[in-house]
Structure formats: structure tokens, C-alpha cells
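Residue-level listing of the chains:
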Amino acid sequence: MENKIKELFVSVLQVPIEEVVDESSPDNLVSWHSLNHLILISVFEEYFAINIDPDEMTLMQQSFGKFREIISKKIGMS
Amino acid sequence: MKINELKIMKSSLADFSLTDYFQGLKKLREKLDLSQFKSIRIAVLRSYTCEILEPILSFHLLLEGYKPEFYFCDFNQYSQDVLDVQSKFYQFHPGLVLFLVRIEELLPPFLWSYSDKKHVEWQDEFEKIYNNYVNLINKISEHTSAQILIQNLYLVSNFFGIQDGQQVNGQKTLVQLFNQRLKEVIVKKKNTFIWDFEGFVAKIGYNALYDPKMWYVARNPYKQTAYMDIARELLRYVLSINNQVIKCVVVDLDNTLWGGVIGEDGLNGIALGQDYPGNCFVDFQKELLRLYKRGIILAINSKNNEADVFAVLDKHPDMVLRRQHFAVCRINWEDKVSNLKSIAEELNIGSDSIVFIDDNSAECALVRGQCSCLVMQMPNKPYLIPQFVNSLPWIEKIYVTDEDLKKGVMYQEQLVRKKLEKSCESLEDFLTSLKMEVQIREADNFNIPRIAQLTQKTNQFNMTTRRYQEADILNFANSGQYSVFVVSARDCFGEHGNIGVFILKFIDQMSVIDTFLLSCRVIGRTIEETMLAFIADFAFKRGAKRLVGEFIASGKNVPAKNFYLKAGMIENDDGRFFADLHTTVFRYSPYIKLMI
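Here we summarise the structure given alongside this text. (Residues numbered from 1 in each chain as written. Chains lettered and ligands numbered in written order. Predicted model: local features only at pLDDT ≥ 70, side-chain atom pairs only at ≥ 80, totals over all residues. Heavy atoms only, no water.)

### Description of the overall build of chain B
The helix and strand inventory of chain B stands at 25 helices and 19 strands. The long-range fraction of contacts in chain B, counting pairs at least 24 apart against all pairs at least 6 apart in sequence, stands at 71%. Roughly 26,000 Å² of accessible area belongs to chain B as shown, and the carbon and sulfur atoms make up 50% of that amount. Between the centroid of the 70 positive side chains of chain B and the centroid of its 72 negative side chains there is a distance of 2 Å. (Helix = DSSP H or I, 4+ residues; strand = E, 2+ residues; numbered from the N terminus. Contact = heavy atoms within 4.5 Å. Areas by Shrake-Rupley, 256 points an atom, 1.4 Å probe, with all protein chains shown as cover. Lys, Arg positive; Asp, Glu negative; His and termini not counted. Charge placed at Lys NZ, Arg CZ, Asp CG, Glu CD.)

Below, the structure written as C-alpha cells:
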């Protein structure tokens, strides 16, 4: 499932999977801009049938590690 | 990447999720060789956040053979972009402009303070908006040759709620009037079209579109998933504006045109009638009849006994489609791939402009692997079948010409002609017996849409395959340097309508044939000989001394390759063909009566 999260993540940002690490953030990943962040949120909401609140949306923008952590928690696998 | 894989993606788009789009796009970008793809440059002038259209539309367009590039104006900055001829918008050189503006951003007080003004004052406000639209559209078409697609307006909720619905001159009326006037503008403008957003919302429902979370967080009004529907809707416009429309729908019969199997259930046993599931198949046939009326040809490809099937087509009381609606019937025990190929051959169209519909997944897979047509499998629930036809994006026609409306009948007549051809002893006898009449006229407002359509769609007998939009043809017709002619034909069986086009350019006492094409329906009738002889006479009268023709190979126009040479023109070192108009005599076809 961890792999699936990363796979979805890179498919939206259209970057090679090796480029994404836990420390990746909008500061060092060019395509992770605010518009793509919205798309990320929607793709994950759709794929895992979850709802992500605006507060969580902001937190998830901190780093890929944080992003992954919040998704994992929501789908009950952390 | 295998073509097959692309076709499977294309036929399963209706079930795509947002995730599928992104994963599909990644795959296409990695694996496709885009060198043969047509470029399409799309500028989005918008009043709201809609960037997600880029990946979704890109995916669709890649599947259709386009290589898209996008430009988005800054949020709500479309007027500045259009009015400043130095702007990034113009530097982008768009081929297609999507003008996506909503009433919410256009006139916020109309939504929130409607009661502050009287009806006539609001009319003035809309007058201003209208004038601004006209101005912007004119500016764009003045400085680009782009096609423009304009979103019309939709008002979600009325200021006075249900009371507005009781008013003759209410709030919603103003919006509707505006949309009405917008149509009047684009009727006069070539290359400008309306995206009927009002109709789209009616179809999909505003609540299904609106996303309050994304709106308040990011000014993104619609659900990201709703942009899939928006993109699919826009795709219909893009495809039909560029004439990327299917020409023929080929259907299987058992469990497709009716429920059950005719060979087993018999005439009275198949499901077709007023009750479920027969009513689903009746409506499916009505949908196909709609396509037929739009100018899409219907054909049958089925493993059956011909007599059983014709009994249904001719005698079943609940059949909507009858024998005369099908241009070609392949009812036999041959494999479906060979049948499809012979249907394409008989109709003189490419297999890639055919959609084949069958209920059997094994047949679908087989055909998909071996024929370039698009294969769609019927939904497995009968009640989903009628709307399935409408989900196909390739069936739209933004221009419906007179020829389209008559096409079904024309193909029927064509079949009778073919039978005559077989019964005639020689080709000469056949051509004589047709009693052909050809008319050649200069382009006018009535036939320009058809002329553009012919340049877009004609592949085989097309010397240069230059594709033109209506606006291009209009420019040629209005310029003193060009002459545009359209050719229509009829014979003893009926009308062919407008089937040929030629465009001449006059430079330095030369007449250059920019375009010379003939619809595949009338290839081999010697009409082209009469056209060329007419051109020579016309050019000579206009003072030209030499006639110049070109042949540009497109891979599909082999039938036209040696035409100029055979007609007596001389090939030069540069590959062009020449004729001295003083000395060369072009023969008018003896089988054709020319009416001018």
C-alpha cells in the first residue's frame, strides 16, 4: 500500500519514482505546486474513497513523508 | 506501445477514474512516439481554476492522435490577454481558444445584489458584457486564425428563489437572452462556436459539479472528478470542429440490435417491443436512426442466415431500422474481421473511421486485434444500451450539411449503381447508362461549410490534402488572387450533392491548383477529367498562360497519384506538373453533361 501511495503521487506530478523521498516538498519538487496539490488531494480521495479536510490538506503540503503518513492513517494502515 | 492497447483504453474511457487518467497519461507519455502526431495548441482564457483540464484533455487528445500544448491565462485576466497584442496569449500562437468564463466572476452583483437594480438596468449591464464579448472575439479572430469555443452562461440559483420562475422578465431570463444573442454572434463568425454549458449543467446536474470544499479552499468551483465530464464534453467539440468524426457504425444483430438470437428464438421470440427488455433495443435503434439522420452510415456485420435477418428487417412490427437504413449488410458465417474490411472497401472509407458494436467480448477482442476500426462492446445491462450510443464522443457534428442529411439515401442509391456496374458489359456502357450531370459553381455562403468539410475529410482522390477551415475558404473566396469552386453531381439514380472542390491561385500568369479533390463516392466516373478541362478553360480566360499542379503524397491518396500525368500535363524536375494553356488540350469527359 505504501508503494501504491507513491505510485499515485508520482503519476499526478509526472516525475520519476526515484525522485520522491520522504523529505520531498513543494520547495524541492517543482511540479508539486498548489494546483497540483489540489489534484493530488482529489486523486487520493477518489482512489481510497476517503475525505481529506482543508486542515489536513495544509499539513500534507509540508513533505511527502507527512503526506504519506496522513493518507496511511486514513486508510487504517499506520 | 501497441495500437491494440490504445484502442482498449479508448473503448473503456467511460469507466475511467481520475487515477486512471493520470496513470494512463504517464504511460502514454513514456511509450508513444509523437513524431506523427498532429500538433494542437490550446489557449484557455478563463475566469476560474481549471488547470486539471490540461492532463485530462491531454490524455484524450493523445489517444486521438494529437500532440497538445496548453496555455492558461492568469486567473480572470483574459481581457488583458486578448486586448494586448503583445501578450503571452498571442505569443503562444493558439490554434484553439477555450473561452471559459462564468457569470459568477463576470457579474458578481447580479448574483448577490440583484434587487439593487431594475430589470432594464440589468439589461444595460448585460449589453455591456455582450459588447465586450463581441469585441474580444473580434480581437482574437483578427490576430489569430484560432478556432474559438465559448462557454455560455448558467445561473445556478435565483436571487428571489422560486419566485423568479414565475416572472416573465426575471433574473434567469436575462441570462437566457444573453445566451441567445451569443448564438447570433457566432452564426455570422466562422471558426467560433459555443460550448453549451447551460445544456451541459442540465445534463450533469449542478450539485454533481460543484465542490464547496475546493471552492472555498482554492477558488476551484467544480469537483476534480467533474472535470472528467467537462473534458469529455469539450472533446466532442474539438473532434467535430476538426472533423474527426466517424463515418460508419457497424452493428452486430443478436443481442445487439434486438435481444435474443433470431436463429433460435425466431421472429416472434426475439426481445423487441414495448416491454422490458425489448423496449431498450427499440430505443437503441432510435438512437442509431438519429446518427443515420446526421449523416453517419449504418451497416450490419453478423453471423446469421440472411433470410432470417431480412425477415426481421422487413416484417418485425417493432423494428425502427429497416433494410433501407443499412448501406451494407454482411450477414454470413465469415469471420467478422474480413466482413469489416469488405464493408470499408465497399463504402470506400478507411477502417479507422468505423465503429463496430458487438455484444460478444471474444468477437470484440478478435476484431480489435486485427482491424483498425474502433470496437465498442455493448453494455451488459439492456437498460444501459440506449444511452451508450450518446456516450461516444466521435458522433457529434458541429456542422451538419445538406449532404449529411441525405447521406443515408445516397449510399443506398450507390448500391443500386454498383449492381448496374456489375450488369453492364463494359465500363463505357456503364458510364453512359449513368447519364451523369455535373455542375460547377463558385463558392458562396451556402456551400462554404461543405467545401471546408470536403477538404477536411477527403483522403483518396485528393491531390494535395490541404485541410481548410470555413474561415480559410471564406478568405480565399474573398481574395482576388484565388478562385474556389465546388462541384456537384447527379445521375439517373439520384443526387450526389457537392462532391468535388478545386481551389486555384493566380500568380504571374500562372494558375496553380492549390486543391483538387473528389469525394470517394464518385471516384472512377471521369468527373475529374471534366473538372480539369474546366479549370484549363477558366484559367485561360483569366489570362493565365500556364497551369501548375502538385501531388503531395499523404499515404492515402494513391488513387490520385498519376492523374495530372495521364491528363497530359508534364512533370518537372521539382515534382510539379505543368501545362501550356495555349497548346495543351484537356478532354471533357464524354459521359458527363456539364451544367454551369
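### Side note on the interface of chain A and chain B
Listed as interface residues are 21 residues of chain A and, on the opposing side, 19 residues of chain B. Both sides together, the interface formed by chain A and chain B hides about 1,600 Å², and carbon and sulfur atoms give 67% of it. On inspection of chain A and its partner chain B, the count reaches one salt bridge. For the side of chain A that touches chain B, the secondary-structure elements that each account for two or more residues are α1 (2–13), α2 (34–48) and α3 (54–60) of chain A. Considering every element that reaches the side of chain A that touches chain B, the biggest residue donor is α2 of chain A, with nine residues. (Buried area = accessible area lost by both parts, 1.4 Å probe. Salt bridge = Lys/Arg side-chain N within 4 Å of Asp/Glu carboxyl O.)

### Side note on the packing of helix α20 (residues 402–423) of chain B against helix α21 (residues 427–434) of chain B
All names here are of chain B. Axis separation between α20 and α21 bottoms out at 9 Å; the angle between their running directions is 140°. Taken together, the axes of α20 and α21 lie oblique to each other. Along this stretch, α20 crosses α21, giving a crossing that reads as right-handed. Each of R417, L420 and E421 in α20 lies in contact with α21, whose residues at this interface are F430, S433 and L434. Its residues assigned to classes, the contact of α20 with α21 shows three nonpolar, one polar and two charged. (Axes fitted to C-alpha atoms, helices over the stretch in contact; angles between N-to-C directions. Parallel < 35°, antiparallel > 145°, perpendicular 65-115°, else oblique. Left-handed = near helix turned anticlockwise from the far one by under 90°. Nonpolar A, V, L, I, M, F, W, Y, C, P; charged D, E, K, R; others polar.)

### Here we look at the nonpolar core
Judged by nonpolar contacts, the single largest core of 117 residues is most densely connected at F9 and F44 of chain A together with W195, L257 and W258 of chain B. L431, A536, A539 and Y591 of chain B belong to the second-largest nonpolar core, a separate cluster that totals 42 residues. (Core = buried A, V, L, I, M, F, W, Y, C linked by side-chain atoms within 4.5 Å. Buried < 20%, exposed > 50% of the residue type's maximum accessible area, 1.4 Å probe, protein only.)

### Thoughts on the side chain of N301 of chain B
Residues and elements named next belong to chain B. Looking at the secondary structure, you find N301 in strand β7 (residues 297–303). We classify N301 as buried; its relative accessible area is 0%. A distance of 3.1 Å separates the side chain of N301 from the backbone oxygen of K336, its partner in a polar contact. Excluding anything up to four places from it in sequence, N301 contacts V250, V251, D252, R330, K336, N339, L340, I343 and F356. (Polar contact = N/O pair within 3.5 Å; in protein donor to acceptor, adjacent residues only side chain to side chain.)

### Quick look at the packing of aromatic side chains
Residues and elements named next belong to chain B. Tallied over the entire structure, the rule returns 50 aromatic pairs over all chains. An angle of 75° between the planes, with centres 5.6 Å apart, marks the rings of Y48 and Y222 as edge-to-face. Of this pair, Y48 sits in the loop between β1 (38–46) and α3 (53–63) while Y222 sits in the loop between α12 (212–218) and α13 (226–241), placing them 174 residues apart in sequence. Across the pair, Y222 and Y48 agree in class, each one buried. (Phe/Tyr/Trp six-rings, centres within 6.5 Å; stacked < 30°, edge-to-face > 60°.)

### Some remarks on the sheet that holds β7 of chain B
All names here are of chain B. Pairing in this open sheet of five strands is parallel, and the strands run β8-β7-β6-β9-β10 from one edge to the other. If you trace the sheet from one side to the other, it starts and ends with β8 (326–332) and β10 (374–377), each paired once. Strand-to-strand twist across the sheet, computed as the mean angle between neighbouring axes with direction ignored, equals 20°. Relative to β7, strand β6 (residues 248–251) is paired through four bridges, and the arrangement is parallel. Each residue of the ladder has a partner; that of V250, found in β7, is A299. Lying on the sheet, helix α18 (residues 361–370) is in contact with β7, β9 (354–358) and β10; it crosses β10 at an angle near 170°. Against the sheet, α20 contacts β7 and β8, and its axis sits at roughly 55° relative to β8. (Pairing = 2+ DSSP bridges.)

### Considering unusual backbone geometry
Residue and element names in this part refer to chain B. With an omega of -5°, the peptide bond between Y276 and P277 qualifies as cis. Looking at the secondary structure, you find P277 in the loop between α14 (262–265) and α15 (278–294). You will see that K435, though not glycine, has its phi angle at about 50°, which is positive. If you trace the backbone, K435 turns up in the loop between α21 and β11 (436–442). On the basis of relative accessibility, which here comes to 59%, the residue K435 falls in the exposed class. Of note in the backbone geometry, T526 takes a positive phi value of approximately 70° without being a glycine. Mapped onto the secondary structure, T526 falls in the loop between β15 (510–518) and α24 (527–541). Its relative accessible area of 9% is what places T526 among the buried residues.

### A look at helix α10 (residues 197–204) of chain B
Residues lying three or four places apart along an α-helix face the same way, a consequence of the helix completing one turn every 3.6 residues. Residues and elements named next belong to chain B. What α10 keeps buried is the set F197, F200 and V201. Within α10, the buried residues cover an arc of 95° as seen down the axis, which keeps them to one side. In this structure, α10 carries A202 and K203 as exposed residues pointing more than 90 degrees from its buried face. The elements touched by buried residues of α10 are β4 (147–151), β5 (192–195), α11 (206–209) and α13. In the segment just after α10, G205 is the residue with positive phi, at about 90°. (Arc of directions from axis to C-beta.)

### Brief notes about the pattern of salt bridges
Two side chains that carry opposite charge are able to pair once their charged atoms sit near each other. Residues and elements named next belong to chain B. Within the structure shown, the criterion is met by 34 salt bridges over all chains. Of the charged contacts in the structure, one is a salt bridge between K117 and E125, with a shortest N-O distance of 3.1 Å. On the basis of relative accessibility, which here comes to 32%, the residue K117 falls in the partly exposed class.

### What about the sheet that holds strand β2 (residues 66–72) of chain B?
All names here are of chain B. The five strands lie next to each other as β2-β1-β3-β4-β5, forming an open sheet whose pairing is parallel. Edge positions in the sheet fall to β2 and β5, since each has one partner strand and no second. Across the sheet, the mean angle from the axis of one strand to that of its neighbour is 20°, orientation sign disregarded. Strands in contact with helix α9 (residues 171–188) are β4 and β5; relative to β5, the strand with the most contacts, it is inclined by about 150°. Strands in contact with α13 are β1, β2, β3 (96–100), β4 and β5; relative to β5, the strand with the most contacts, it is inclined by about 155°.

### A look at the packing of helix α22 (residues 448–457) of chain B against helix α23 (residues 470–478) of chain B
Packed helices, taken two at a time, are described by their axes: the angle between them and the distance between them. Residue and element names in this part refer to chain B. The interhelical angle for the contact between α22 and α23, taken along N-to-C directions, is 115°, at an axis separation of 8 Å. Taken as a pair, α22 and α23 cross one another with a handedness that is right-handed. On the side of α22, the interface is formed by I448, P449, I451, A452 and T455, while α23 contributes E470, I473 and L474.

### Observations regarding the environment of D283 of chain B
Mapped onto the fold, D283 of chain B is located in helix α15. Judged by its relative accessible area of 35%, D283 of chain B is partly exposed.

### Focus: the side chain of S58 of chain B
Summarising the element assignment, S58 of chain B is placed in helix α3. Setting aside residues no more than four positions away along its own chain, S58 of chain B makes contact with L25, R29, L53, P68 and F70 of chain B.

Interpretation note: all reported values are geometric properties and have no functional meaning in isolation.
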